[in-house]
Structure formats: structure tokens, C-alpha cells
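Residue-level structure breakdown
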Amino acid sequence: MSQYNNLLFEVNNGIGTITLNRPKALNALNCELLTELNNLLDVILKDQSIQIVIVTGSGEKSFVAGADITEMKDMSAIEGRNWGKFGQSVFEKLESLPQPVIAAVNGFALGGGCELAMACDIRIVSEKAKFGQPEVTLGITPGFAGTQRLPRLVGKGRAKELLYTGDVIDAQEAYRIGLANKVVPAEELMPAAIALAEKIKSRAAVAVQLCKAAVNKGLNMDLESGVAYEAEVFGLCFATADQKEGMTAFVEKRKAAFTGK
Ligand code: CAA
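So, how was this worked out
Residues numbered from 1 in each chain as written. Predicted model: local features only at pLDDT ≥ 70, side-chain atom pairs only at ≥ 80, totals over all residues. Heavy atoms only, no water. Domains from an automatic or database assignment. Contact = heavy atoms within 4.5 Å. Buried area = accessible area lost by both parts, 1.4 Å probe. Salt bridge = Lys/Arg side-chain N within 4 Å of Asp/Glu carboxyl O. Polar contact = N/O pair within 3.5 Å; in protein donor to acceptor, adjacent residues only side chain to side chain. Pairing = 2+ DSSP bridges. Helix = DSSP H or I, 4+ residues; strand = E, 2+ residues; numbered from the N terminus. Near = heavy atom within 4 Å. Areas by Shrake-Rupley, 256 points an atom, 1.4 Å probe, with all protein chains shown as cover. Nonpolar A, V, L, I, M, F, W, Y, C, P; charged D, E, K, R; others polar. Core = buried A, V, L, I, M, F, W, Y, C linked by side-chain atoms within 4.5 Å. Buried < 20%, exposed > 50% of the residue type's maximum accessible area, 1.4 Å probe, protein only.

**Topic: the domain arrangement of the protein chain**
Parsing the protein chain into structural domains produces domain 1 (2-201) and domain 2 (205-251). Taken together, the contact between domain 1 and domain 2 spans 11 residues of the former and 5 residues of the latter. For the pair domain 1 and domain 2, the summed buried surface comes to about 590 Å²; carbon and sulfur atoms form 43% of the total. Looking only at domain 1, the three residues that lose the most surface to domain 2 are E95, P98 and R152, adding up to 45% of its buried area. On the surface where domain 1 and domain 2 come into contact, there are 1 salt bridge. As a salt-bridge pair, K212 and D121 come within 3.0 Å of each other at their nearest N and O atoms. At the boundary of domain 1 with domain 2, the tally comes to 6 residue pairs in polar contact (both at pLDDT 80 or more).

This is how it looks when you write it as C-alpha cells:
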């Protein structure tokens, strides 16, 4: 029996798939679900046999329809702030996992759902997906870092329009503005996410993880510091067996056999 009431988790061939599984509420993020996700991320963080993570939602309709409105309805200001801080910390943990994380967005990604997708590294989305930050229609701002990650992904002007109107956009529009990396037919969503995971998995794992760290850290630094950080991770790669193998294979005109070491 699963140890989680609101999540499914399986690992196949080094790919860990987290399915948010609260279909009665369109996978809305309540406290129990977020606590379970927080705990699962601690497990994934320590298990480097999991090389890539995919995050998706159960059912055909929804990735995540936001934070749970019934739970938030009667919150005080302090409770709201603490709930926001908790959600932010879980998404920060997801974003900082050493392993690459792919969101397979199967339907509604609204509010906290859009914020969850944005905390993932790459978003592959079904043509049925819908994105938005509808918080202003509920009398709140986004609380799980949507005001910060959305402008970093789509630019300040487009982010402000989405945030001020609460408009919901379709998959093609999300792709056009850079919120989605790729749009695929619904039935091809998981195969496309797995194919991308397999491709990333075939590369030198330490180098991939260091690319992730350099991009994430660099975006919070000035250019000079980010470039200096890159020099450090670049140097670190030369201490890996995969760097020796990758470059030797090139010189010997053969395919590299990476070991992740
Ligand atoms: N919280 C709690 N329950 C939710 C929910 C949410 N965010 N979203 C959907 N549900 C529940 C509905 O209440 C409904 O439950 P019942 O069957 O018990 O009535 C069930 O899921 C199915 O939803 P609908 O009947 O509404 O389905 P629909 O197809 O008519 O509409 C929808 C789908 C457009 C996604 C609509 O459910 C909706 O607008 N949901 C809320 C979206 C939203 O505003 N999200 C932002 C939340 S605030 C936030 O996330 C803050 C933050 O940044 C942390």
C-alpha cells in the first residue's frame, strides 16, 4: 500500500514519476498533499539512483487546479503567510533537486498548479493544458512564488498581464510566450516526457546536474558572479570519469559510454 494518500510515485529505469493524485478536487494542493510532496522530495533528494523526475497530475482534466480554496477560505493573515511560506519552501526544494525535473502538464495548471509547473525545469504540455494565475479573482495574490517565477520565464509585461487579469491561456499560447517548452497531443504526453527524460539520462549526469545548478544559481546572481560560478562547475567536470570518457569517445570516433561518475 502506498504511504501517500494524495500522491503516486513509481521509479522505472531511473525515472521517478510523481503523480499528484487528488482527482476529486482536480489535484488541488491541500496541506496533506503538500506535506506528502515535501516528504517525497526528501526521499528523492537522497536517492541518486533516481536520475530524472517527472511530475504530472492524475486524471485527464487537471494537472493541479491550484491551492485548496476550501482550506484557505477562513485563514487569517498570519495563517495565509505561513501557508505561502510552506508552499514556497516545498517548490524551492523541488526546484533545487539535483536531478532534472520535467513537468508533464496534462490539464489545468492554475494558481499553485502553474506555480508548481514553473518550479520544474522543463514543461511538456498536453494540447488540453490550460495555464493561469487566477488569484486576483479570489482576492489574493499568488502565494507559491508565481509573482517571481512567471516574470522570470515569460518576461515582466506578459507576466503582469496574466497576474492582473487572472486570464486562463491555452497550451499554444503558453508555448508562444515561453511558459511551455513543447505541446503534444494528450495521448502523447507521457511518452514525450519519458522520451525527453531518456535523452537527458543518456548524457553525462554530473554535467547535467551542474548545468541545472549553474542556471538556477546564476539567475539569482549578477552576470559576473554567475559567470564565475560557471567556471567552477566547468572545472569540476574535469574531475569526473564521464568527462574523460566523453572526450576520449569523441577522439576515438565512438559513442560515449557514460557511467554517471
Ligand atoms: N481548491 C479546492 N477545490 C477545488 C479547486 C481548488 N483550487 N479547484 C477545483 N476544485 C474542486 C471543485 O470545488 C469541485 O469540487 P466538488 O465536486 O466537490 O464541487 C471539483 O474540484 C471539480 O471542480 P469544478 O466542478 O469546478 O470543475 P469545472 O470543470 O467546472 O472547473 C476549474 C474546473 C476551472 C479548474 C475550476 O474548478 C476552478 O476554477 N478551480 C479553481 C482554480 C483556481 O482559482 N485556482 C487558484 C487557487 S488559489 C492559489 O492557488 C493560491 C496560490 O498561489 C498558492
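**Examining the pairing of strand 1 (residues 7-12)**
As defined by bridge partners, strand 1 adjoins strand 2 (residues 15-20) across 6 bridges and the pair is classed as antiparallel. Note that in strand 2 the partner of N12 across the bridge is I15.

**Examining the site of the ligand**
Around the ligand lies a shell of 23 residues, among which K61, A67, G112, E115 and E135 are the nearest. At 2.6 Å from an oxygen atom of the ligand is found a side-chain nitrogen or oxygen belonging to K61. Interatomic distance of 2.8 Å between a backbone N/O atom of A67 and an oxygen atom of the ligand. Burial of the ligand by the protein amounts to 61% of the accessible area it has alone, namely 980 Å². Broken down by secondary-structure element, the contributors of at least two residues to the shell around the ligand are helix 2 (69-72), strand 6 (108-110) and helix 4 (112-119). When its residues are assigned to classes, the shell around the ligand shows 14 nonpolar, 4 polar and 5 charged.

**Considerations on the nonpolar core**
In terms of nonpolar packing, the biggest core is built from 48 residues, with V55, F131 and L179 touching the most fellow members. Looking at this core, the element that brings in the most residues is helix 1 (residues 31-46), giving 6 residues. In terms of nonpolar packing, the next biggest core, distinct from the first, is built from 12 residues, I102, A192, A193 and I200 among them.

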